[in-house]
Amino acid sequence: MKRKMILAGSLAALMSVATLAQAEDSRLAAERLDDILAQASAFGFTHFGEIEAKRDDRFAVEGWLDDEWRAEVRFSLESGESLKEERQRREGGAWGMSEAEVREAMALAVAEGLAEFEEIQVDRDGRIEIEGRDADGRAFEVKSRGGELLEVEHDD
């Protein structure tokens, strides 16, 4: 019985380490943003709702291709190809960040110490939130709107 408990505890510890390692891989260097935006724009994105780093140099983009079509696409940074695509026709028109707004928000975050990002997202009010890590690996979030820094929150 004692052996089963030790085995179960070891298995749980291994699973938590694997989950942490997987989360660690879900970041991209801030300087990769140019490559990401180039691929997404070449695909047809005009407005960005969310850009999320994935494992193995992959990323996902949610946003608008035009005023009617909203899409979520996974890309490979290495090959430049789209790996998975979902499109939905939506009413109400496109909203989100322009490429320039994404770059502006990232510049503010980098100025605050961002080295790697996990996710960039915008809400309907135009508030942009970037989650990432500094050069020491500490997690933090940077919130901005219209090129103005609103809040920086460090996880200690």
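Quick note: structure is the one above.
Per chain, residues are indexed from 1 in the order of the written sequence. Reporting in this predicted model follows two pLDDT cut-offs: at least 70 for local features of residues, and 80 or more for side-chain atom pairs to be given and counted; totals over whole chains, interfaces and linings ignore these cut-offs and use all residues. The basis for every side-chain value is the complete set of non-hydrogen atoms in the structure, without hydrogens or water.

> Honestly, the overall build of the protein chain in this entry has me stumped. Any pointers?
Assigned secondary structure in the protein chain consists of 3 helices and 9 strands. Helices and strands appear in the protein chain in the N-to-C order α-β-α-β-β-β-β-α-β-β-β-β. Within the protein chain, the fraction of its 156 residues that count as buried is 31%. In what follows, residue pairs with any heavy atoms lying within 4.5 Å of each other are defined as contacts. A sequence separation of at least 24 residues applies to 42% of the contacts in the protein chain between residues at least 6 apart. Throughout, the Shrake-Rupley method with a 1.4 Å probe supplies accessible areas, and for residues the shown protein chains are the sole cover considered. When the accessible surface of the protein chain is totalled, it reaches about 9400 Å², and 46% of it is carbon and sulfur. Secondary structure elements follow DSSP: runs of H or I no shorter than four residues count as helices, runs of E no shorter than two count as strands, and numbering proceeds from the N terminus. Note on exposure labels: buried denotes an accessible area under 20% of the residue type's maximum, exposed denotes more than 50%, and partly exposed covers the range between, all computed with a 1.4 Å probe on protein chains only.

> I keep staring at the packing of helix α2 (residues 33–43) against helix α3 (residues 99–111) and nothing clicks. Help me out?
Geometrically, a packed helix pair is captured by the angle between its two axes and the distance between the axes. To define axes, lines are fitted to C-alpha atoms, for helices over the stretch in contact only, and angles between the resulting N-to-C directions are given on a 0 to 180 degree scale. Running from amino to carboxyl end, α2 crosses α3 at an angle of 165 degrees, the nearest separation of the two axes being 11 Å. Here α3 runs roughly antiparallel to α2, going by the angle between their axes. α3 is crossed by α2, and the crossing has right-handed handedness. For the pair α2 and α3, contact is made by Leu-33, Asp-34, Leu-37 and Ser-41 and by Glu-99, Val-102, Arg-103 and Met-106, respectively. Gly counts as polar in this scheme, as do all residues outside two lists: the nonpolar Ala, Val, Leu, Ile, Met, Phe, Trp, Tyr, Cys and Pro, and the charged Asp, Glu, Lys and Arg. Broken down by class, the residue content of the contact of α2 with α3 amounts to 4 nonpolar, 1 polar and 3 charged. Roughly parallel means an angle under 35 degrees; roughly antiparallel, over 145; roughly perpendicular, 65 to 115; everything else is oblique. By convention the crossing between two helices is left-handed if the near helix lies anticlockwise of the far one by an angle smaller than a right angle, and right-handed if it lies clockwise.

> I tried to follow the environment of Lys-54 on my own but got confused; where do I start?
Assignment of secondary structure puts Lys-54 in strand β2 (residues 47–54). In this structure the C-alpha to C-alpha distance between Lys-54 and Phe-75, which are 21 residues apart in sequence, comes to 9.2 Å. Residues adjacent in sequence count toward polar contacts only when both atoms are side-chain atoms; beyond that, a polar contact is any pair of N or O atoms within 3.5 Å, and within protein one must be able to donate a hydrogen and the other to accept it. At a separation of 3.4 Å, a polar atom in the side chain of Lys-54 contacts the side chain of Glu-52.

> In this structure, what is going on with the environment of Phe-117? I would like to understand it.
For Phe-117, the location among the structural elements is in strand β6 (residues 114–122). For Phe-117, a relative accessible area of 0% corresponds to the buried category. Between the C-alpha atom of Phe-117 and that of Ala-139, which follows or precedes it by 22 residues, the distance is 9.4 Å. Once residues lying within four places of it in the same chain are set aside, the contact partners of Phe-117 are Ser-26, Arg-27, Leu-28, Ala-29, Ala-30, Ile-36, Ile-51, Ala-53, Met-106, Ile-130, Glu-131 and Gly-132.

> Help me understand the pattern of salt bridges in this model?
For side chains bearing opposite charge, pairing can occur when the charged atoms are close. Salt bridges are counted wherever a side-chain nitrogen of Lys or Arg sits within 4 Å of a carboxyl oxygen of Asp or Glu. Applying the stated rule across the entire model yields 15 salt bridges. With its nearest N and O atoms 3.7 Å apart, the salt bridge here joins Asp-57 to Arg-32. With Asp-57 in the loop between β2 and β3 (58–64) and Arg-32 in the loop between β1 (28–29) and α2, this residue pair connects regions lying 25 residues apart in the sequence. Residue Asp-57 is classed as partly exposed on the basis of its relative accessible area of 32%. Taken together, the salt bridges that share partners define one network made up of Arg-32, Asp-35 and Asp-57.

> Whenever I open this one, the nonpolar core confuses me. Can you help?
Nonpolar side chains in soluble globular proteins generally cluster together in the buried interior. Within the largest apolar cluster, 30 residues are counted, with the highest numbers of intra-cluster contacts made by Phe-45, Phe-48, Ile-51, Phe-117, Ile-120 and Ile-130. Elements with a minimum of two residues in this core: α2, β2, β3, β4 (69–76), α3, β6, β7 (127–134) and β8 (139–145). Apart from the residues lying within four places of it in its own chain, the contact partners of Ile-120 are Leu-33, Gly-49, Glu-50, Ile-51, Met-97, Val-102, Met-106, Ile-128, Glu-129 and Ile-130. By nonpolar core is meant a set of buried Ala, Val, Leu, Ile, Met, Phe, Trp, Tyr and Cys residues that side-chain atoms within 4.5 Å join together.

> Would you mind going over α2 with me for this structure?
Side chains three or four residues apart in an α-helix point the same way, a direct result of the helix having 3.6 residues per turn. Those residues of α2 not exposed but buried are Leu-33, Ile-36, Leu-37, Gln-39 and Ala-40. Projected down its long axis, α2 carries its buried residues within an arc of 165 degrees, all on one side. Against the buried residues of α2 lie β1, β2, β3, β4, α3 and β6. The first or second residue beyond α2 is Gly-44, which carries a positive phi of 125 degrees. By definition, the arc is the one covered by directions from the helix axis to the C-beta atoms.

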